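What follows is the residue order along each chain.
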Amino acid sequence: MKRLWIGVIGVMTSAVLLSGCGNNGNTTGERPTIRIFTRVNAEVQFDKNNDAVKALEDAANVNLEIEAPPPSSYNDKLQITMASGDLPDITYIFQTDNNYDTWAKNGLFLTLDDKIDQYPNIKNNITDELWEIVKAPSTGQINAVPKPNIISHYGYVVNQKWLDTLNMTAPTTLDEFYEYAKAVATQDPDGNGANDTYAISPSTQNTVGTSVWGEYFLMSAFNMQQYANRPDADGQYKPKEKFEGYYPYLTFMRKLYEEKLMDPEFFINKANESTDKLLQNRIGMMSGHDGNVKGLFGKAPTEQVISDYSFYAPLKDQNTGEVIQYLPPAIWGCWAIAADSKVADAALSLIDYCNSKEGWLLTNIGVQGVHYESYTPETKELIRTEEQSEKCRKEMSSYTPFAVTYQGEPAYISLCDTPEKLEKYNQELERYLSVTTEKNVPTITSPKYITLQANNPDLFKKRDQMEIQYVTGEITLEELKSFIEGEFLPATAEADQETAEMLEAASQK
Amino acid sequence: MMVLVYTFVILFAFACIFPFLYVISYSVMPYSEYLENPVKMIPSKLDFGAYKEILKFPLLYSGYRNTLFITIVGTLLNLTLLIISAYPLSKADLKGRKIILWMILFTMLFSGGMIPRYYLVRELGLINSLGSLILPGAISAYNLILMKNFVGNIPDSLEEAALIDGANELQILWRIIVPLSKAAIASFAIMCAVNHWNSFFDAVIFLTQRDQWPLMLVLREMVFEGGAGAIQNVVAEEDMAQTFTIQMAMIVVIIVPIICVYPFLQKYFVTGLTIGGVKE
């Protein structure tokens, strides 16, 4: 018995000592070893069996050590990594916010202004507008390489079956939408014998929960947009709260809520819950972009998605009758190089390779015969067998490439892996583009605004809270105006002024 | 009166068991049926497709492997250090005892925080190893004080008799103290094991490789919808959220071992609540 216990303790001690052996990266052979810290969905495995990573290593002549923390805790892990000073060679930064500015100001990231010209593929694939976004507001220097992304075309996804049942066409104006909303709420489009359906159920999140500022297709009727970095109807740059359409839009949402045309429980929605409610036949439409219909393919049978759901352009502006979408440069985070990285040039060369056509294709669609069967660049048709799709799920995703687009175009239309899905997507996008004018707006980050948000979180929370309270009828318009004009706008005046000046300067470039 | 009591107890028991029924029910429900009626609890037919999906998930197996390793090795280490620390501290004539106890108590009240802890683990070379989940918390100050009190209640006369018979301190510890402390050791073993089984946040901070994720971290990533805010507003082609039925199946697969083991260990949990509270 005694020997047994001594044996157990001995094994345990050995196990503990062995478990303490970490995996320290070092250069293997002549290839530089690059450590990458990135955010990737949980299904992707970066182990020695990942053929996509192996192919990239061989093509770029590097060894890669990829650290992918749990995506839901990415921000926590990123903060700790930055605070520890032990930075990986390449770090994925998903938002150039005040943290990014602070890190850049503290010299954690390599400054790239004088290096970009040395990397022709990076220079060729990334536009000036994207470089502006990754400039640290405090220093005005470029501290990361942008990850060019596909453009999102914002409109709405509607239950086409209900439209047909109600004998209606997809709404294009605010009045048509209102009529549609009344029909959905009162004419039992799902045929279950109860008036338990609603037009919409907002689920975009803000500082206090659900926001009503995610219904972009409705906002367009009031000349309100997702991005405020453009002039109002009077040609002036101003904060959202001063736009002509600000109060009318909120008042319209309040009307929808009062008349029970909107889901009364919307304010407890979790992020993207409107997608589930659309599939559950509880709402008739949801705000979304062209990718959202594709997203439904993963949640409902293909035939059902193709026949029952459609994507349309946003509503026309009530005053001008136009459908205009203002789009910022399409970026999905950026890649920062550690200032003290010993392989900085190799890291930049890797990113440069991934911005070349060859590298971009490799990182987006993988290796032929391993990750896909065939690929037609002209139509972006990508054919995969079931085994290859399964392999791709474990080895790569749209989160993994250094560049999602090459010269503004994606490699393929993801989630549209059959001709039927691709046809539906292309038809609806073509219909959208035929009626919508898209205009580019700059992405400006005012240093004063960053500081204001960091130092006054309660101010913004109170604004968000009061907007919801107004929509749900808890407070009056006068009470909301009293706060916005008496407290909120005076507090943000300086930051708003700086933002307006920066936008004015950007518009003249 | 008895009717009221029984009614209350039955309702309370139902409230406790309902979450399990909910999770199990939705884990075997076809996803289309869930979409049709999300509040319907009894599926019209059983569909194990969700289980088939998650059994393909490689992190599930590595999660189980890592968690079993951490639990077994961590618990054995915890108990060993607990016993060999509590016994000498239970001796009133140990020089410097009060100072040591105050130092231990101090760590219960104050902590350096997350960043100093990260630095410490990094300097020890434990980053990206399972040792980072085992070694830093190898001794719990709270458990140590409880164990010390328990051992202190064992009559000195037993030790004196063993001393007279020629036993040394280690033999007294092994042959007298440990057998008499079996109940306490079992209770602490359960508490430490559950603590290691639920290991999650340390894994987020200290582990960088996905094949080292413990089970609870795998579960969280499967169930949690990937965070709200700016990230969700970006065009993400693959939705990071798993379908609801797959999430429920994942929960079932992960809690089944604990549910199977718990009935045999329940009495030790109860005993553990009163450890150190019995006065001679």
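Residues numbered from 1 in each chain as written. Chains lettered and ligands numbered in written order. Predicted model: local features only at pLDDT ≥ 70, side-chain atom pairs only at ≥ 80, totals over all residues. Heavy atoms only, no water.

Trainee: Let's hear about the packing of aromatic side chains: which residues, and what values?
Mentor: Residues and elements named next belong to chain A. If you walk through the whole model with that rule in mind, you get 35 aromatic pairs over all chains. With a centroid separation of 5.5 Å and an interplanar angle of 5°, the aromatic rings of W213 and Y246 are classed as stacked. Of the two residues, W213 is situated in the loop between β7 (210–211) and α9 (216–219) and Y246 in helix α10 (residues 246–258); the sequence distance between them amounts to 33 residues. Taken individually, W213 and Y246 each receive the classification buried, so the pair is uniform in this respect. Residues W335 and F402 carry aromatic rings whose centres are separated by 4.5 Å and whose planes lie at 50° to one another, so their mutual orientation is tilted. On the criterion of sequence distance, the pair formed by W335 in strand β11 (residues 331–337) and F402 in the loop between α16 (386–395) and β14 (405–406) is long-range, its members being 67 residues apart. On the accessibility criterion, W335 (1% relative accessible area) is buried. Judged by relative accessible area, which is 4%, F402 ranks as buried. The positively charged end of K255 is found above the aromatic ring belonging to Y178, 4.1 Å away from the centroid. Over the face of the ring belonging to Y247 we find K481, whose NZ or CZ atom lies 5.1 Å from the ring centre. (Phe/Tyr/Trp six-rings, centres within 6.5 Å; stacked < 30°, edge-to-face > 60°. Helix = DSSP H or I, 4+ residues; strand = E, 2+ residues; numbered from the N terminus. Buried < 20%, exposed > 50% of the residue type's maximum accessible area, 1.4 Å probe, protein only. Lys NZ or Arg CZ within 6 Å of the ring centre and 35° of its normal.)

Trainee: Describe the pairing of strand β8 (residues 285–289) of chain A, naming the residues involved and giving the relevant values.
Mentor: On any regular strand, side chains alternate: one points to one face of the sheet, the next to the other face. Residues and elements named next belong to chain A. By the criterion of burial, β8 is predominantly enclosed, with five of the five residues buried. Side-chain alternation along β8 places M285, S287 and H289 on one buried face and M286 and G288 on a second face that is also buried. Relative to β8, strand β5 (residues 154–159) runs antiparallel, the two sharing five bridges. Within β8, the residue paired with Y154 across the bridge is H289. (Pairing = 2+ DSSP bridges.)

Trainee: Provide a residue-level description of empty space enclosed by the protein, including the pertinent values.
Mentor: All names here are of chain A. In the structure shown here, the tally under the stated rule is five cavities of 30 Å³ or more. Taken as a whole, the largest cavity encloses approximately 220 Å³ of empty space. Contributing to the lining of the largest cavity are 16 residues, with F46, V53, L56, I66 and T400 lying nearest its centre. Counting residues per element, the ones that place at least two in the lining of the largest cavity are α2 (51–60), β2 (63–67) and α15 (357–365). Looking at the lining of the largest cavity element by element, the count peaks at three residues for α2. Residue composition of the lining of the largest cavity, grouped by class: 12 nonpolar, three polar and one charged. (1 Å grid on protein atoms, 1.4 Å probe; cavity = no way out; pocket = protein on both sides within 12 Å on 5 of 7 lines; lining within 4 Å. Points joined across faces, edges and corners; volume = space filled by probe spheres on them. Nonpolar A, V, L, I, M, F, W, Y, C, P; charged D, E, K, R; others polar.)

Trainee: Residues and numbers for the UniProt feature "transmembrane region" (unreviewed entry) in chain B, please.
Mentor: All names here are of chain B. Sites flagged by UniProt as "transmembrane region" (unreviewed entry) map to residues 7–29, 68–87, 99–120, 126–145, 183–207 and 244–265. Helix makes up 100% of residues 68–87 and strand 0%. Its end C-alpha atoms lie 29 Å apart. Split by type, residues 183–207 is 84% helix and 0% strand. Its first and last C-alpha atoms lie 35 Å apart. (UniProt positions renumbered as here; feature names shortened; annotations may be inferred.)

Trainee: Report on the pattern of salt bridges, specifying residues and quantitative values.
Mentor: Residues and elements named next belong to chain A. This structure, assessed with the given rule, holds 24 salt bridges over all chains. Across the pair E395 and K391 runs a salt bridge whose closest N-O atoms are separated by 2.6 Å. Of this pair, E395 and K391 both sit in helix α16, four residues apart, which is roughly one turn of the helix. (Salt bridge = Lys/Arg side-chain N within 4 Å of Asp/Glu carboxyl O.)

Trainee: So, helix α1 (residues 2–27) of chain B: which residues are in play, and what are the values?
Mentor: Residues and elements named next belong to chain B. Helix length check: α1 (26 residues) gives 37 Å between terminal C-alpha atoms against 38 Å at 1.5 Å per residue, within 8%. Along α1, the helix axis deviates most sharply at I17, where the bend reaches about 35°; the proline P19 sits within four residues downstream. Restricting attention to buried positions, one finds in α1 the residues V23, S25, Y26 and S27. (Expected span 1.5 Å × (residues − 1). Bend = angle between axes of the 7 residues up to and from the residue.)

Trainee: Please set out the sheet that holds β2 of chain A residue by residue, giving values where relevant.
Mentor: Sheet strands pair via backbone hydrogen bonds, and the direction of the pair is either parallel or antiparallel. All names here are of chain A. Ordered in space as β2-β1-β3-β11-β4, the five strands form an open sheet in which the pairing is mixed. Each having just a single partner strand, β2 and β4 (145–148) make up the two edges of the open sheet. With strand direction ignored, the average angle separating the axes of adjacent strands in the sheet is 25°. Where strand β3 (residues 90–93) and β11 come together, four bridges link them in antiparallel fashion. Along β11, the bridge assignment pairs T91 with A336. Strands in contact with helix α3 (residues 74–84) are β1 (33–37) and β3; relative to β3, the strand with the most contacts, it is inclined by about 135°. (Axes fitted to C-alpha atoms, helices over the stretch in contact; angles between N-to-C directions. Contact = heavy atoms within 4.5 Å.)

Trainee: Pulling in residues and values, what's your account of the side chain of T197 of chain A?
Mentor: All names here are of chain A. Note on placement: T197 falls in the loop between α8 (174–186) and β6 (204–205). Exposure remark for T197: the relative accessible area of 0% places this residue in the buried category. A polar contact is formed between the side chain of T197 and the backbone oxygen of V184, at a distance of 2.6 Å. Residues in contact with T197, not counting those within four places in the same chain, are W162, V184, A185, P189, D190, N281 and R282. (Polar contact = N/O pair within 3.5 Å; in protein donor to acceptor, adjacent residues only side chain to side chain.)

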